[in-house]
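One-letter residues, chain by chain:
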Amino acid sequence: MAPSLHPLIDNGITPGSSSFSGGKLHCRCSSDQVEVTLKSNVAHNHACGCSKCWKPEGALFSIVGVIPRDALSVTANASKLSIVDKDATIQRNACKDCGVHLFGRIEKDHPFKGLDFVHVELSDEKGWQEPQFAGFVSSIIEQGSHPNQMDEVRDKFRAVGLQTYDVLSPALMDLISTFTAQKSGIRFANL
Ligand SMILES: N[C@@H](CCC(=O)N[C@@H](CS)C(=O)NCC(=O)O)C(=O)O
Ligand SMILES: [Zn+2]
Ligand SMILES: [Zn+2]
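Residues numbered from 1 in each chain as written. Chains lettered and ligands numbered in written order. Predicted model: local features only at pLDDT ≥ 70, side-chain atom pairs only at ≥ 80, totals over all residues. Heavy atoms only, no water.

K.L.:
What is the right way to look at the UniProt feature "domain: CENP-V/GFA" (unreviewed entry) in the protein chain in this model?
P.N.:
Feature annotation in UniProt assigns "domain: CENP-V/GFA" (unreviewed entry) to the following positions: residues 20-166. In residues 20-166, helix accounts for 7% and strand for 34%; the two terminal C-alpha atoms are 30 Å from one another. (UniProt positions renumbered as here; feature names shortened; annotations may be inferred. Helix = DSSP H or I, 4+ residues; strand = E, 2+ residues; numbered from the N terminus.)

Here is the structure:
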């Protein structure tokens with residue numbers, strides 16, 4: 001059987017709604033769920049194959065998008081949250097009981113500081129931005145996927161209309177490099 005990339009990818013992608021303005025995320029505990037309220041849609045939603053992003057059981061990829069940190073608040077059971085790895089760039093806040101990651105936050109100087117990372121599948125609402133691309137695809141090998149499987153994985157993404165990258169998309173890589181260049185005082189060449 002072909003491996004599951006992610007339930008939101010495997011059977012084709014459902015487009016989000018441009019008028020959608022946010023909703024709530026819940027952890028997977030049967031009671032006392034952690035609740036996070038998002039006051040806008042997400043952006044740059046994508047599949048991530050890295051080992052650090054939360055994935056549902058059986059999926060090779062995470063689906064993760066960003067939202068301004070001011071648009072995110074923990075609205076129930078915040079005491080159940082704990083940071084998975086305090087030394088990571090993205091501080092992923094997970095539910096101590098069910099393990100789901102509710103949001104990831106960057107506190108250090110970084111091009112994506114000010115944006116939180118969230119998994120919209122934790123919401124019952126419909127209209128969230130659909131995945132735009134797949135990143136960190138080769139990283140699934142580090143978690144046990146066979147190198148010979150990679151063509152099949154990339155073909156599956158392309159079949160649902162998603163480009164695949166082994167880090168991030170060109171737009172996001174350009175943002176990171178622009179930040180790095182500006183930090184080091186580079187003057188861009190005139191076109
Ligand atoms: N190959 C590595 C890649 C990890 C990685 O760099 N993940 C990216 C995408 S989420 C990142 O920005 N990580 C920052 C962090 O985890 O704090 C892995 O799979 O663990
Ligand atoms: Zn939970
Ligand atoms: Zn990741």
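That was the structure; now back to the text.
K.L.:
Where do I start with the pattern of salt bridges in this structure?
P.N.:
A side chain of one charge can pair with a side chain of the opposite charge when the charged atoms of the two come close. One pass over the structure, following the stated rule, counts seven salt bridges. For K24, the salt bridge identified is with E35, shortest N-O distance 3.7 Å. One end of the pair, K24, is in strand β1 (residues 23-26); the other, E35, is in strand β2 (residues 35-38), with 11 residues separating them in the sequence. Assessed through its relative accessible area of 32%, K24 is described here as partly exposed. E35 sits in the buried class, given a relative accessible area of 17%. (Salt bridge = Lys/Arg side-chain N within 4 Å of Asp/Glu carboxyl O. Buried < 20%, exposed > 50% of the residue type's maximum accessible area, 1.4 Å probe, protein only.)

K.L.:
I keep staring at the sheet that holds strand β5 (residues 72-76) and nothing clicks. Help me out?
P.N.:
Consider a sheet: its strands pair through backbone hydrogen bonds, and that pairing is either parallel or antiparallel. Sheet architecture is open: three strands sit in the order β1-β2-β5, paired in antiparallel fashion. The sheet is open, and its two edges are formed by β1 and β5, each paired on a single side. With strand direction ignored, the average angle separating the axes of adjacent strands in the sheet is 30 degrees. Of the pairings in the sheet, the one linking β1 to β2 comprises four bridges and is antiparallel in character. (Pairing = 2+ DSSP bridges. Axes fitted to C-alpha atoms, helices over the stretch in contact; angles between N-to-C directions.)

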